[in-house]
Amino acid sequence: MLAISGGMALFVGVTILVTTRELLFSAIGLGVTFIVALVVIAMLVLGMKPNASEQTDLDEQNGH
């Protein structure tokens, strides 16, 4: 999740830097994009349903 968010943020940061030549504006865009992408990806992962092998692993960890 961190690598995907970092890649997206780096892309946005470099794009802003190349187009505007403003380092501060680029850093702000990079930070905002990283946080938003990380939250969105985490929410999507939380919404996924575990498959059968993951469910048995979770049950074993919980002592069932």
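Calculation rules
Residues numbered from 1 in each chain as written. Predicted model: local features only at pLDDT ≥ 70, side-chain atom pairs only at ≥ 80, totals over all residues. Heavy atoms only, no water. Helix = DSSP H or I, 4+ residues; strand = E, 2+ residues; numbered from the N terminus. Rg over C-alpha atoms; globule rule 2.2 N^0.38 Å. Buried < 20%, exposed > 50% of the residue type's maximum accessible area, 1.4 Å probe, protein only. Areas by Shrake-Rupley, 256 points an atom, 1.4 Å probe, with all protein chains shown as cover. Contact = heavy atoms within 4.5 Å. Expected span 1.5 Å × (residues − 1). Arc of directions from axis to C-beta.

A.B. asks: Mind showing me how you'd approach the overall build of the chain here?
C.D. replies: When its secondary structure is counted, the chain shows three helices and zero strands. For the chain, the succession of helices and strands along the chain, N to C, is α-α-α. Computed over the C-alpha atoms, the radius of gyration of the chain is 18 Å, more than 25% above the 11 Å expected from 2.2 N^0.38 for a compact globule of 64 residues. Along the longest, intermediate and shortest principal axes, the C-alpha atoms of the chain span 55 × 15 × 15 Å. When burial is assessed residue by residue, the chain has 14% of its 64 residues classed as buried. Working note: accessible area of the chain is about 5,100 Å², and carbon and sulfur atoms make up 74% of it.

A.B. asks: Looking at this structure, I do not really get the side chain of threonine 33. What am I missing?
C.D. replies: Looking at the element boundaries, threonine 33 is found in helix α2 (residues 23-46). A relative accessible area of 19% means that threonine 33 is categorised as buried. Aside from chain neighbours lying at most four places away, what touches threonine 33 is Met8, Ala9 and Val12.

A.B. asks: Where do I start with the side chain of serine 5 in this structure?
C.D. replies: Locating serine 5 in the fold gives a position in helix α1 (residues 2-20). Sequence-distant contacts of serine 5, defined by excluding residues within four places in its chain, comprise Phe34, Ala37, Leu38 and Ile41.

A.B. asks: For this particular structure, what's the right way to read α1?
C.D. replies: An α-helix turns once every 3.6 residues. As a result, residues three or four positions apart point the same way. With 19 residues, α1 should reach 27 Å at 1.5 Å per residue; the first-to-last C-alpha distance of 26 Å fits that figure. Looking only at α1, the buried set comprises Ser5, Ala9, Gly13 and Ile16. The arc that holds every buried residue of α1, seen down its axis, measures 65 degrees, which confines them to one face. Looking at α1, the residues exposed on the side facing more than 90 degrees away from the buried face are Ala3, Ile4, Leu10, Phe11, Val18 and Thr19. Downstream of α1 by one or two residues, arginine 21 has phi in the positive range, about 60 degrees.

In short, geometric facts, not functional conclusions.
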